[in-house]
Amino acid sequence: MSSEPSTFYTHATIITINPTREVILNGGILVTGSRIVGVGKTSSFPPSFLPPNTKTISLKGRILIPGLINTHSHLAQSLLRGLAEDLPLHSWLCDSIWPLEASYDTDDGYIAARLTIAEMLKSGTTCFLESMLTHRSGFENVVRAVGESGIRACLGKLVKFEESNKELNITDPRDKDVAFMSISSMLAAHEKHHGTFNDRLHVWAAAGTPRGSPLSVHLGIGEACKEHDIGLTMHCAEAPRDLTIYRESYGLTPMQFCRQAKLTGNKTVLAHMVHLDLEYDLPILEATGTTVAHNPNSNLKLASGIAKVPEMLEGGVNVSLGTDGAPCGNTYDMFREMHLAGIIHKGANLDAKLVGAELVLDMATTNGARALGLEGEIGSIEVGKKADFVVVKPGLNAAPWDEGQVAQGGVESHDCDC
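Residues numbered from 1 in each chain as written. Predicted model: local features only at pLDDT ≥ 70, side-chain atom pairs only at ≥ 80, totals over all residues. Heavy atoms only, no water.

J.: How would you summarise the overall build of the protein chain if you had to cite specific residues and measurements?
T.: Counting secondary structure elements, the protein chain contains 15 helices and 15 strands. Over its C-alpha trace the protein chain gives a radius of gyration of 21 Å, about what one expects of a compact globule, namely 22 Å for 418 residues. Dimensions of the protein chain along its principal axes, counting C-alpha atoms only, are 70 × 50 × 40 Å. Look at the contacts in the protein chain between residues 6 or more apart in sequence, and 73% of them connect residues 24 or more apart. In the protein chain, 35 side chains carry a positive charge and 48 a negative one; their mean positions are 4 Å apart. (Helix = DSSP H or I, 4+ residues; strand = E, 2+ residues; numbered from the N terminus. Rg over C-alpha atoms; globule rule 2.2 N^0.38 Å. Contact = heavy atoms within 4.5 Å. Lys, Arg positive; Asp, Glu negative; His and termini not counted. Charge placed at Lys NZ, Arg CZ, Asp CG, Glu CD.)

Right under this line is the structure:
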């Protein structure tokens, strides 16, 4: 018998997201240590099954879902919320966000990360992928914040080369720190921090966006990640000009570039992916097992466009969800992101059947777990998995709902008892 503490959560409606998409009414979950050891009807747990001194918590009237997984976020940008409003992506980056990020000092990144993590946890996110930790944010700052909070994290250590480009009218003040954002510094961070805090923290590479820099330097990042089995994330084909930049600078589509640079694979998450050549890029995405992180809120605010998510899903691509950062989405709330993902494609395609509610929840949970290589640990409520789940309390703005009619109801409110 395990000596770890046990907790029995009872009388909840459990949306498991297990392989059969089982919904359990009046359900119970037994957790020992950090693992789920039992899931089923509350009445199916005899007293003899519960370890001695098990704590019982009634969740009557509550709904349990797997912890939400944010696969594209910027932890250090919470301090920049509201400082770059109503700007197109190019001006937003070059004139506002990059200069502000380049001015961070001492504990700024730590304070920002703590604020972001608090917002994530309060809105139901239990795991995230940080997509671009710049030097001034301080990698150690964010590691410290993750360790203190208890959240699960994949931290992308930025690897970039000089991105200032006169021909494209791009000026990146972060280039002054480019020596600290090398492949070797990423490998050192991986060696030091990957698997720390009882394996809650993983270190990934965050590749700088190709904007005319030689393909060979991006190939170096891809080869290093493949050699050391390191996850990789990158902003890709986000802005309206990006497809043209890939074609004119490299003679390739975005995914042809990524394939040649060895930036694809089942441990790669490419964010945005709004401006693709679908004829060439979708088959590469599917064949390589590369994940797309969909960011509808950010893409709308910055007028980047709408990613072809229905086509991606139809083509067998794993699509997850991300909030992006506070200045481009104003929030790290994954419920808001799910809401947008569930309606935007219906309107854009004049088809109300596209990207339904269950699929959106998949994108925010099990698809996110698959994207991070953690599908055996999180993403669904199943025996043997980590006890990363969220308790949702239906509020006044919820559809009429009770446990006996859950199949006909729906839940919009998301006040989380986290």
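Having put the structure on the table, let's press on.
J.: Please provide a residue-by-residue account of unusual backbone geometry, values included.
T.: The phi angle at Asn53 is positive, at roughly 65°, despite the residue not being glycine. Take Asn53: it is sitting in the loop between strand E3 (35-41) and strand E4 (55-58).

J.: So what's going on with the environment of Arg370? Residues and values would help.
T.: With respect to the helices and strands, Arg370 occurs in helix H15 (residues 366-371). Exposure remark for Arg370: the relative accessible area of 37% places this residue in the partly exposed category. Sequence spacing of Arg370 and Lys267 is 103 residues, and the spatial spacing of their C-alpha atoms is 8.8 Å. Those residues in contact with Arg370 that sit more than four places away from it in its chain are Asn266, Asn318 and Glu375. Here Asn318 takes part through its side chain, which lies 2.8 Å from a polar atom of the side chain of Arg370. (Buried < 20%, exposed > 50% of the residue type's maximum accessible area, 1.4 Å probe, protein only. Polar contact = N/O pair within 3.5 Å; in protein donor to acceptor, adjacent residues only side chain to side chain.)

J.: Hey, could you go over the packing of aromatic side chains for me, with residue numbers and the actual values?
T.: Summed over all chains, the structure comprises six aromatic pairs. Geometrically, the ring pair formed by Phe8 and Phe45 is tilted, given 4.8 Å between the ring centres and 50° between the ring planes. Of the two residues, Phe8 is situated in strand E1 (residues 6-15) and Phe45 in the loop between E3 and E4; the sequence distance between them amounts to 37 residues. The exposure classification of Phe8 matches that of Phe45, with both residues buried. Pairing Tyr246 with Tyr250 gives two aromatic rings, centres 6.2 Å apart and planes at 45°, and the pair type is tilted. (Phe/Tyr/Trp six-rings, centres within 6.5 Å; stacked < 30°, edge-to-face > 60°.)

J.: Could you give an account of the nonpolar core, naming the residues involved and the relevant values?
T.: In this structure, Met273 and Met312 are the most contacted members of the largest nonpolar core, which totals 48 residues. Ignoring sequence-local partners within four residues, the contact set of Met273 consists of Cys236, Ala237, Met255, Leu285, Val292, Ala307 and Met312. Membership of the second largest hydrophobic core comes to 20 residues, among which are Leu133, Phe139, Ala153 and Tyr332. (Core = buried A, V, L, I, M, F, W, Y, C linked by side-chain atoms within 4.5 Å.)

J.: Tell me about the state of the cysteines, residues and numbers included.
T.: Tallied over the entire structure, the rule returns zero disulfides. Free of any disulfide, Cys154 has its nearest neighbouring cysteine sulfur in Cys127, separated by 5.2 Å. Unpaired in terms of disulfides, Cys258 finds its nearest cysteine sulfur in Cys236, a separation of 4.2 Å. Judged by its relative accessible area of 0%, Cys258 falls in the buried class. (Disulfide = S-S within 2.5 Å.)

J.: Quick rundown of the side chain of Thr10? Include the residues and the values.
T.: Along the chain, Thr10 falls in strand E1. The exposure class of Thr10 is buried, given its relative accessible area of 5%. Residue contacts for Thr10: discarding those within four places in its chain leaves Gly27, Gly28, Thr42, Thr56, Ile57, Ser58, Leu59 and Lys60.

J.: For helix H6 (residues 215-228), give the residues involved together with the corresponding values.
T.: Because the α-helix completes a turn every 3.6 residues, residues three or four places apart line up on one side. Compared with the 20 Å implied by 1.5 Å per residue over 14 residues, the 20 Å span of H6 between its first and last C-alpha is a close match. On its buried side, H6 packs onto strand E8 (152-159), helix H4 (183-193), strand E9 (201-207), strand E10 (232-236), helix H7 (242-250) and helix H8 (254-260). Asp229 sits one or two residues past H6 and shows a positive phi near 55°. (Expected span 1.5 Å × (residues − 1).)

J.: Can you lay out the sheet that holds strand E12 (residues 291-294) for me, pointing to particular residues and giving the numbers?
T.: Spatial strand order, E6-E7-E8-E9-E10-E11-E12-E13: eight strands in an open sheet with parallel pairing. Looking at strand neighbours, the two that pair on one side only are strand E6 (68-73) and strand E13 (319-321), the edges of this open sheet. Ignoring which end each strand starts from, the neighbouring axes of this sheet average 25° apart. Inspection of the sheet shows strand E7 (residues 125-133) paired to E8 by five bridges, in the parallel sense. (Pairing = 2+ DSSP bridges. Axes fitted to C-alpha atoms, helices over the stretch in contact; angles between N-to-C directions.)

J.: Please give an account of the environment of Leu282 that cites residues and values.
T.: When you line up the elements, Leu282 lands in helix H9 (residues 278-288). Under the relative-accessibility criterion, Leu282 is labelled buried at 15%. Sequence spacing of Leu282 and Lys308 is 26 residues, and the spatial spacing of their C-alpha atoms is 9.9 Å. If we skip the residues at most four places from it in the chain, Leu282 touches Asp277, Glu311, Met312 and Val317.

J.: I'd like a description of helix H1 (residues 89-102), backed by residues and values.
T.: Where H1 bends most, at Ser96, the angle is about 30°, and the proline Pro99 comes one to four residues later. Every buried residue of H1 is accounted for by Leu89, Trp92, Leu93, Cys94, Ser96, Ile97, Trp98, Glu101 and Ala102. Turning to H1, the residues buried within the fold contact helix H12 (326-329). (Bend = angle between axes of the 7 residues up to and from the residue.)

J.: Report on the packing of H4 against H6, specifying residues and quantitative values.
T.: Relative to each other, H4 and H6 sit at 25°, their axes nearing to 11 Å. Put simply, H4 runs roughly parallel to H6. As H4 runs across H6, the sense of the crossing is right-handed. Side by side, H4 and H6 meet where Ile183, Met186, Leu187 and His190 of the first sit next to Gly220, Ile221, Ala224, Cys225 and His228 of the second. Grouping the amino acids of the contact of H4 with H6 by side-chain chemistry returns six nonpolar, three polar and no charged. (Parallel < 35°, antiparallel > 145°, perpendicular 65-115°, else oblique. Left-handed = near helix turned anticlockwise from the far one by under 90°. Nonpolar A, V, L, I, M, F, W, Y, C, P; charged D, E, K, R; others polar.)

J.: Before we move on, can you summarise a nonpolar patch on the surface with the specific residues and values?
T.: There is a patch of nonpolar side chains on the surface, built from Leu79, Ile111 and Leu115 and spanning about 240 Å² of accessible area. Position of Leu115 relative to the elements: it lies in helix H2 (residues 108-122). You can call Leu115 partly exposed: its relative accessible area is 41%. (Patch = residues over 30% accessible without salt bridge, like charges linked within 9 Å, V, L, I, M, F, W, Y side chains within 5 Å. Areas by Shrake-Rupley, 256 points an atom, 1.4 Å probe, with all protein chains shown as cover. Salt bridge = Lys/Arg side-chain N within 4 Å of Asp/Glu carboxyl O.)

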